[in-house]
Amino acid sequence: MLTNADPRSPSRPEPRPGIMEIAPYVPGRTKSTGGAKLHKLSSNETPLGPSPRAVEAYSACAGHLELYPDGGSTGLREAIADVYGLNPDRMICGNGSDEILELVARAYIGPGDEGLYSEYGFLVYKIAILAAGGTPVVAPEQNLTTDVDALLARVTPRTKVVFLANPNNPTGTYLPFDEIRRLHAGLPPTVLLVLDAAYAEYVRRNDYEAGIELAATADNVLMTRTFSKIYGLAALRIGWGYGPAHVIDALNRVRGPFNVSAASQAAGIAAVRDRAFLETAVAHNDKWLEWVSQEVAALGLEVTPSVGNFVLIHFPEEPGRTAAEADAYLSARGCVLRAVGAYGLPNALRMSIGNEEANREVVSVLKEFLAGR
């Protein structure tokens, strides 16, 4: 029993230093401020929903909810490996690719260590680094695009992990794969390069690669992917990573024993094998990404060229035409976009590519807003 406690001592449990410095991740809004029909374009969700085969596989699990899932996600890893021509033993599945990013930080970053990422990189990188007790280091970008030289210039003996989203969210920009190889060649062999390819399926550029080959041949590269975007399984939280056996072994030692539910595994297996559905989703995005980009630019707004399923729209710093005012105007009319001030882009909104009705409605409402109606 403790007695004569120091009156200056904490009176309640306190988190370890650094935890309360973390800004919680805030997802895209799910509601509009007006009574109009809702078009939620704030979270980069696919407008096509999931594959009917995935829905059927998910529903089939309803009669066995008393059973624990396969802790190693064996069937899911084997299905992904079969589709991509990979070794399932060098793969890990997670509760979304976010969990795999967090596992990387837990396994490789500690107090005194540094995690490196680009200026407008995914917010989860900073959260994961801080949660692990490490120090986030940010490299500036050029034209809203990752700068390889800036990243390499900030590598120190304390650098343990470099996180790189390619394509990047929220900008939609990407690095050609020769630049990825140049980055990798410039890193010490003790630094883990994490290639976050959450939007890889959408990219239609000849000089782009998701990173599978590099992750398959290098000792210090991990590629992560997700089922939350083009596969339409965001509600189920399924991600996967591919890399060297020693990295996968380390991540498996810190992950939870049943981190991917049985229903999620079943739906993922069905989804990854439904290539026709995937092709339909790609075709829809190809058509409407170009249309939205051209129509919004025709209104006089700058649009960052994107290879993902979203666009970054820039607004002037003029009263009555700012991003915040546009966001409020759009939301009141049922069009919910994503404010990206948390990324250091207060004068921009990110718009996910929706169905035809949603895309046309956003352009129409933006036209009204800019006309001062």
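Residues numbered from 1 in each chain as written. Predicted model: local features only at pLDDT ≥ 70, side-chain atom pairs only at ≥ 80, totals over all residues. Heavy atoms only, no water.

- Going by what an unreviewed UniProt entry lists, the protein is known as Histidinol-phosphate aminotransferase and is assigned to Stappia indica.
- Taken directly from UniProt, the Sequence similarities (unreviewed entry) text for the protein runs: "Belongs to the class-II pyridoxal-phosphate-dependent aminotransferase family. Histidinol-phosphate aminotransferase subfamily."
- What UniProt records for the protein under Subunit (unreviewed entry) is the sentence "Homodimer." (UniProt positions renumbered as here; feature names shortened; annotations may be inferred.)

1. Concerning the pattern of salt bridges
- Overall, the coordinates contain 15 salt bridges when judged by the stated rule.
- One salt bridge connects Asp274 with Arg53, and the closest N-O pair in it is separated by 3.9 Å. Taken together, the residues Asp274 in the loop between helix 9 (262-273) and helix 10 (275-298) and Arg53 in helix 1 (residues 52-59) connect sequence positions 221 residues apart.
- Salt bridges linked by common partners bring Asp149, Glu179 and Arg182 together as one network. (Salt bridge = Lys/Arg side-chain N within 4 Å of Asp/Glu carboxyl O. Helix = DSSP H or I, 4+ residues; strand = E, 2+ residues; numbered from the N terminus.)

2. A short note on the side chain of Asn168
- Here Asn168 shows up in the loop between strand 5 (159-165) and helix 6 (177-186).
- Take Asn168: its relative accessible area is 2%, and that puts it in the buried class.
- There is a polar contact of 3.1 Å between the side chain of Asn168 and the side chain of Thr171.
- Beyond its immediate stretch of four places on either side in the chain, Asn168 contacts Tyr120, Gly121, Phe122, Glu141, Thr173 and Phe310. (Buried < 20%, exposed > 50% of the residue type's maximum accessible area, 1.4 Å probe, protein only. Polar contact = N/O pair within 3.5 Å; in protein donor to acceptor, adjacent residues only side chain to side chain. Contact = heavy atoms within 4.5 Å.)

3. Overview of the UniProt feature "domain: Aminotransferase class I/classII large" (unreviewed entry) in the protein
- What UniProt calls "domain: Aminotransferase class I/classII large" (unreviewed entry) maps, in this numbering, to residues 39-365.
- In residues 39-365, the share of helix is 39% and the share of strand is 17%. The end C-alpha atoms are 12 Å apart.

4. Points about the pairing of strand 4 (residues 135-139)
- Of the strand pairs in this sheet, strand 3 (residues 114-118) and strand 4 are connected by five bridges, and their pairing is parallel. Across the sheet, residue Ser118 finds its bridge partner in strand 4, namely Ala139.
- Between the parallel elements strand 3 and strand 4, the chain passes through helix 4 (residues 123-131) in a crossover that is right-handed. (Pairing = 2+ DSSP bridges. Right-handed = clockwise from strand over helix to strand, strands pointing away.)

5. Notes on unusual backbone geometry
- Here Asn166 and Pro167 are connected by a cis peptide whose omega angle stands at 0 degrees.
- Examined against the element boundaries, Pro167 turns out to sit in the loop between strand 5 and helix 6.
- Residue Pro170 is reached from Asn169 by a cis peptide bond, and omega for that bond is 20 degrees.
- Looking at the secondary structure, you find Pro170 in the loop between strand 5 and helix 6.
- A positive phi angle is found at Asn143, which is not glycine, with a value near 55 degrees.
- By relative accessible area, which is 72% here, Asn143 ends up exposed.
- Of note in the backbone geometry, Leu144 takes a positive phi value of approximately 60 degrees without being a glycine.
- Positionally, Leu144 belongs in the loop between strand 4 and helix 5 (148-153).

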